[in-house]
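Residues per chain are reported as follows:
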Amino acid sequence: MRHPARETPARAGRRSLPRLAMAPAGLALAALACAGAPRATRPVYRDPAAPVEARVRDLLGRMTLEEKFWQLYMVPGDLDAGDSLYRHGIYGLQIGAAAARPASALAGADSTTRAAAGDAGTVAREAAERINAIQRFFVERTRLGIPIIPFDEALHGLVRDGATSFPQAIGLAATWDTALVDSVARAIARETAARGVRQVLSPVLNIASDVRWGRVEETFGEDPFLASRMGVAYVAPFEAAGVVATPKHFVANVGDGGRDSYPIDFDERLLNEIFFPPFRAAIGRGGARSIMASYNSVNGTPATANAWLLTRTLRRDWGFRGVAIGDAGATGGANVLHFTSRDYMSSTAAAITAGLDVIFQSSAAQAPLFWEAFRSGRIDRATIDQAVGRVLRLKFELGLFEYPYVDPADAARWSGSPAHLALARQAARSSITLLRNERGTLPLSRSLRSLAVLGVDATEARSGGYSGPGVHRVSILDGIRATLGAGTEVRFAPGPGREAREFVPIPGDRLLTTADGRTVPGLRAEYFDNITLASSPRLTRIDPRVDFGWTLHSPARELPFDWYSVRWTGRLVARTSGAVRIGVEGNDGFRLYVDDSLLIDNWRKQSYRTLTREVRLEAGRAYALRLEYFESTGNGRIRLVWDDGVDRDWSARVDDAVRLVRASDAAVIVAGLEEGEFRDRASLRLPGRQEELILATAATGKPVVVVIVGGSAVTMGAWLDRVGAVIDAWYPGDEGGNAVADVLFGDYNPAGRLPITFPISEGQLPLVYNHKPTGRGDDYRDLTGQPLFPFGFGLSYSTFDYSALVIEPGAIAPGDSATVRCSIRNAGPFPGDEVVELFLRDVVASVARPVMELAAFRRVHLDVGESREVTFRLTPEQLGMFDQSLRRVVEPGAFRVMVGRSARDIRLRGELTVR
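The rules behind these values
- Residues numbered from 1 in each chain as written.
- Predicted model: local features only at pLDDT ≥ 70, side-chain atom pairs only at ≥ 80, totals over all residues.
- Heavy atoms only, no water.
- Helix = DSSP H or I, 4+ residues; strand = E, 2+ residues; numbered from the N terminus.
- Rg over C-alpha atoms; globule rule 2.2 N^0.38 Å.
- Buried < 20%, exposed > 50% of the residue type's maximum accessible area, 1.4 Å probe, protein only.
- Contact = heavy atoms within 4.5 Å.
- Areas by Shrake-Rupley, 256 points an atom, 1.4 Å probe, with all protein chains shown as cover.
- Lys, Arg positive; Asp, Glu negative; His and termini not counted.
- Charge placed at Lys NZ, Arg CZ, Asp CG, Glu CD.
- Core = buried A, V, L, I, M, F, W, Y, C linked by side-chain atoms within 4.5 Å.
- Arc of directions from axis to C-beta.
- Pairing = 2+ DSSP bridges.
- Axes fitted to C-alpha atoms, helices over the stretch in contact; angles between N-to-C directions.
- Expected span 1.5 Å × (residues − 1).

Participant: Can you walk me through the overall build of the protein chain in this structure?
Facilitator: Looking only at helices and strands, the protein chain has 24 helices and 41 strands in total. For 915 residues, the compact-globule formula gives about 29 Å, and the C-alpha radius of gyration of the protein chain, at 29 Å, lands near that figure. Dimensions of the protein chain, computed from the C-alpha atoms along their principal axes, are close to 85 × 75 × 60 Å. Here the protein chain, with 915 residues, has 60% of them falling under the buried criterion. When contacts within the protein chain are restricted to residue pairs at least 6 apart in sequence, long-range pairs at least 24 apart make up 76% of them. For the protein chain, the exposed surface amounts to about 34000 Å²; the carbon and sulfur share of it is 49%. Looking at charge distribution, the protein chain has the averaged site of its 110 positive side-chain charges lying 3 Å from that of its 106 negative ones.

Participant: Would you take a moment to explain the nonpolar core for this structure?
Facilitator: Soluble globular proteins: nonpolar side chains tend toward being buried together. Membership of the largest hydrophobic core comes to 74 residues, with the highest contact counts inside it found for Leu451, Ile480, Val707, Met716 and Leu744. When sequence neighbours within four positions are dropped, the list of residues in contact with isoleucine 480 reads Leu451, Val453, Val490, Ala741, Leu744 and Phe745. Membership of the second largest hydrophobic core comes to 70 residues, among which are Leu172, Val181, Val251 and Leu310.

Participant: What is the right way to look at helix α22 (residues 690-698) in this model?
Facilitator: In an α-helix, one full turn covers 3.6 residues, which means residues spaced three or four apart are oriented alike. The set of residues buried in α22 consists of Gln690, Glu691, Leu693, Ile694, Thr697 and Ala698. Seen from one end, α22 has its buried residues packed into an arc of 160 degrees, which puts them on one side. Where α22 is buried, its residues meet β14 (450-454), α21 (650-662), β29 (666-672) and β30 (704-709).

Participant: Hey, could you run me through the sheet that holds strand β5 (residues 244-245) in this one?
Facilitator: Two modes of strand pairing occur in sheets, parallel and antiparallel, and in both the strands are linked by backbone hydrogen bonds. What the 3 strands build is an open sheet, ordered β3-β4-β5; its pairing is parallel. Of all the strands in the sheet, just β3 (151-152) and β5 have a single pairing partner and so form its edges. Direction of pairing for β3 relative to strand β4 (residues 199-200): parallel, over a ladder of 2 bridges. The residue of β4 that forms the bridge with phenylalanine 151 is glutamine 199.

Participant: Explanation requested: the sheet that holds strand β32 (residues 800-808) in the structure shown.
Facilitator: Reading across from one edge, β32-β34-β37 is the order of the 3 strands in this open sheet, with antiparallel pairing throughout. Of all strands in the sheet, those bounded by a partner on one side alone are β32 and β37 (867-874). In this sheet, adjacent strand axes meet at a mean angle of 20 degrees when their direction is disregarded. Here 7 bridges tie β32 to strand β34 (residues 818-826), and the two strands are oriented antiparallel to one another.

Participant: Sorry, what's going on with the pairing of β34 here?
Facilitator: Regular strands place their side chains on alternate faces of the sheet. Most of β34 is tucked away, with 7 of its 9 residues classed as buried. Pairing of β34 with β37, which is carried by 8 bridges, proceeds in the antiparallel orientation. Bridging from a neighbouring strand, alanine 818 pairs with leucine 874 of β37.

Participant: Where do I start with α21 in this structure?
Facilitator: Taking 1.5 Å of rise per residue, 13 residues should cover 18 Å, and α21 covers 19 Å from first to last C-alpha, within 8% of that figure. Tucked into the core, α21 has its buried residues touching β14, β15 (489-493), β29 and α22.

Given below as structure tokens:
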């Protein structure tokens, strides 16, 4: 693999540029502005033969302060807001969901449907033309003609219509195959660059240290070595293709309780040992030229304004020369979220001074909030020039001044190409992880006369967070039907779904109030700047319904975020006659009146709860309604709810599914998770009534296979021993349905391995395999400390024998390397892959070391009866540690070498001595 970090930046940036458009409208800036002009009369920054640093200096010297500011600002959007808004240029634009759609889509056509129908090439072509047109404005119609960097998300495929969707990042990690991940990244980079997108806000290199975190799916798992190897395999192909990779979120984006962007207070040792390695590898070996700072605070300072992170660590210690950007809205977060600045001017000054280069916001209209810090002189001019210089250097290295446009035909050629869809299927098959297979339940026989497929995830073909619509997603149900053909009757029942709501917000069409003498939908809302509903309200408005979560702000600018009260009044009109439970869900305190009668009284502050009362309503009759609420500490949440319209038929749908199973030879239950950004999970059980579906199905006595669609761990204590087989399909992408069917019916032997630990219970969390010695034991009084499924776990349809471990030399000097060899034999009835995992333990060290650490792995294919010698190289990188002074050293002593199939299934063991 070629790494751009080993070449000069300018050469790496020019090496694999997308083809220049040949139409006159697509000519390069040099041809437009400089054709025929003597070189001596050209501005230096327009001279492609001049050294990059000279071009940067020349352009910096020509820029106004306002032009410099806009080179440090990026937003989603296009030119719809008006050309004049961008007259000074901008760092880059995310040509987003609406803007990226072609003209036909903007006119009303559904481009997602068009792509799914096989027209991905047309969608991609028109998207490239749109990006070219936007780029043309900046190149030809701004004073200095500085191109933008079109940027986007590409976690496991470009998040745009017509782009191929590969397995989610956690699924890619489950392949334990860096060569395959490299191929996937090359395909995504090819589709991305062909559209004119030159930066991706990917990959996520945070360590999944707590599986309750909703964004585990976006990561490469819990282990820093695995995440580092996967991160380099993902980053390097983008940089080689002239697309800037942006590892994120720097750093440690999950805190106590598995909560997203929670503050972290980690010492330098923990950061250096666990959380820094993937980022450092992505920069040093992968060649990443950008990095994204996280939302959370790190040891008391917001990451976006943390000089220790951005300047001392990133630039001084690691030698990073690229661009540091803030997560969306994070630069102002010092004021809004962390309260370490009084206002946006202060938070902006703190961020840029600390080493942040680019402010990422949700709209260009917010720019004045940040411009003030530049205009007022709060930021040193030399600091501004350093940041702008890094941005300009990046744009020169990318070749954007010479080649700002792309050939739309390339976008049409690559997006959703047959080769990429074939690769998506290969990646999905390789990621599928077999967790249980009792009594040879799998593979299922193709001679089944009938098969019941249950669960909404069998048809939804979900791809996880930060996903585009894909090209033509194959559902699991469709994949099974295509595999079995007409000879097997495949019956489907949706079952109870993933949701189980007892109450729902009362919809706006059931609420009425009077405004300006007219009856309008919603409730009259009076907002007070005190907690007693006293005096006159600061704000009065009509709220369509009461369903609010003011977690990061106040209900309105006129109110403090942590000191207000609200009164909603109006009328409730029942949909049907009968008994209905009505009430309030949210933070205390609240009280609810119906027809001036106090129905619920909870006028105190304690917790979050749902309180309801049963009332009898008549259809069409209007009932006077009054809801009062106060908040005295912030994070206000309040919902007016009832059980009218709530799904009460889940039990009947379970019964329908069971009847289908009884009439079938076997059952496949496809169960899914609910998770994602800011959707952390307190419970790791399957959501909704899916466990009830599994138990009822298992009680039929028919063979039952559970397929899990999700991106993190699941607890299975209630049902695991009742079913024959369990596979984790993760979020498998466009070809996921075909890949799952390949595994279910034996066309592919599964070899995925868990990149995270599955606990037995949430009470064990956080639970990772590479913890340090406990000082006592691992267990609880009422529960083991061992996992349900350990890190690295995954079964196969075959069995593999391990033998002949050799470590040579057996003793080395601290700066030397050793070779580890062992023999692996496929002793089972199926050809297949085996993932050989090598762990180390530093037996005695000057500081506490993990009980074991992943140091190498290799995925190998073996035919039935075939043996192969697998070789690993142990270098000072794997043997090294941070000593008491946080110096990276290899200490003399014994290292236990353990080779096996998971962190708990060690087959061979030896010892290496460092003299």
